[in-house]
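Below are the chains, spelled out letter by letter.
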Amino acid sequence: MSAVEDSAIPDHGQVALSVPDTGGTDDSGDLNRPGDGNPATESPEESDQETDPSSDTDESTESSDPAPPPSSAPAPPPSSPSQPTSTPDGPQSSVEDQVVDIVNTHRAEAGCEPLRVDARLAQAAADHSGDMAERDYFDHTTPEGVTFAERIVTAGFETPGAENIARGQQTATEVMQSWMDSDGHRANILNCKLAAIGIGLETDGMYWTQDFGY
């Protein structure tokens, strides 16, 4: 189907969760949850991009060459360079990948199939997180009135299902805990009828978007 009909989207099809400096309910009626500390002054977690300390790479090794063989003995043929005994670690998963992994862990525990990552949903989610940060709003509907379903269809995914948004959480674990602690967000995550997901994070303000599709 080319668009989501009203009857196809449950009431919890779009839910929002923010972590403001103080608790309460904002003017838009979005769910709010007080955070630990002040997110506005905390830098984003960078644990998934850790680098080894320089001291670990500054080792010096010493070796002594064996005594040369007697002149009457033939010199041994040169040996070929040995192959490396280890390979560099692969790239660590992104924060978005971490969110997907946690989502699918919860779905497996609930008996649901894992969600596949869809590039179109990921683009829609990233665009929305960036737009909210750039224009300083927090809503599923843009200031022009474009809904989450319309945004997903515009990105090329014809069967949108639901959307979760959040603001202020610093890590994948933290935002997933916030969503799982909320009935509406958890219902989207554990909806076994959904089949695809895309995650978007804008670190300027820590705006998170989860877009789901059938």
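Residues numbered from 1 in each chain as written. Predicted model: local features only at pLDDT ≥ 70, side-chain atom pairs only at ≥ 80, totals over all residues. Heavy atoms only, no water.

## Structural notes on the packing of helix H1 (residues 95-109) against helix H4 (residues 172-180)
Contact geometry of H1 with H4 gives a least axis separation of 9 Å together with a crossing angle of 40°. With respect to their mutual orientation, H1 and H4 come out oblique. Our pair here, H1 against H4, has a crossing hand that is right-handed. Side by side, H1 and H4 meet where Val-95, Gln-98, Val-99, Ile-102, Val-103 and His-106 of the first sit next to Ala-172, Thr-173, Val-175, Met-176, Trp-179 and Met-180 of the second. (Axes fitted to C-alpha atoms, helices over the stretch in contact; angles between N-to-C directions. Helix = DSSP H or I, 4+ residues; strand = E, 2+ residues; numbered from the N terminus. Parallel < 35°, antiparallel > 145°, perpendicular 65-115°, else oblique. Left-handed = near helix turned anticlockwise from the far one by under 90°. Contact = heavy atoms within 4.5 Å.)

## Focus on the confidence of the model for the protein chain
Per-residue pLDDT for the protein chain averages 71, and the proportion of residues at 70 or more is 57%. Segment residues 1-13 is flagged for pLDDT under 50; beyond a separation of four residues in sequence, or across chains, it makes 21 contacts in the model. In the model, residues 76-92 has pLDDT below 50 throughout and makes four contacts with residues more than four positions away in sequence or in other chains. (pLDDT = per-residue confidence, 0-100.)

## What about the nonpolar core?
Inside soluble globular proteins, nonpolar side chains tend to come together where they are buried. Counting residues in each nonpolar core, the largest one holds 20 residues, and the members touching the most others are Val-99, Met-176, Trp-179 and Trp-208. Ranked by residues supplied to this core, first place goes to H4 with five residues. (Core = buried A, V, L, I, M, F, W, Y, C linked by side-chain atoms within 4.5 Å. Buried < 20%, exposed > 50% of the residue type's maximum accessible area, 1.4 Å probe, protein only.)

## Some remarks on the packing of aromatic side chains
According to the stated counting rule, one finds one aromatic pair in the structure shown. Aromatic pair Phe-138 and Tyr-207: ring centres 6.5 Å apart, planes at 55°, arrangement tilted. Here the residue Phe-138 occupies a position in the loop between helix H2 (119-135) and helix H3 (148-154), and Tyr-207 occupies one in strand E6 (residues 207-213), the gap between them amounting to 69 residues. Arg-167 extends its terminal NZ or CZ atom over the ring of Phe-138, reaching a point 4.4 Å from the ring centre. (Phe/Tyr/Trp six-rings, centres within 6.5 Å; stacked < 30°, edge-to-face > 60°. Lys NZ or Arg CZ within 6 Å of the ring centre and 35° of its normal.)

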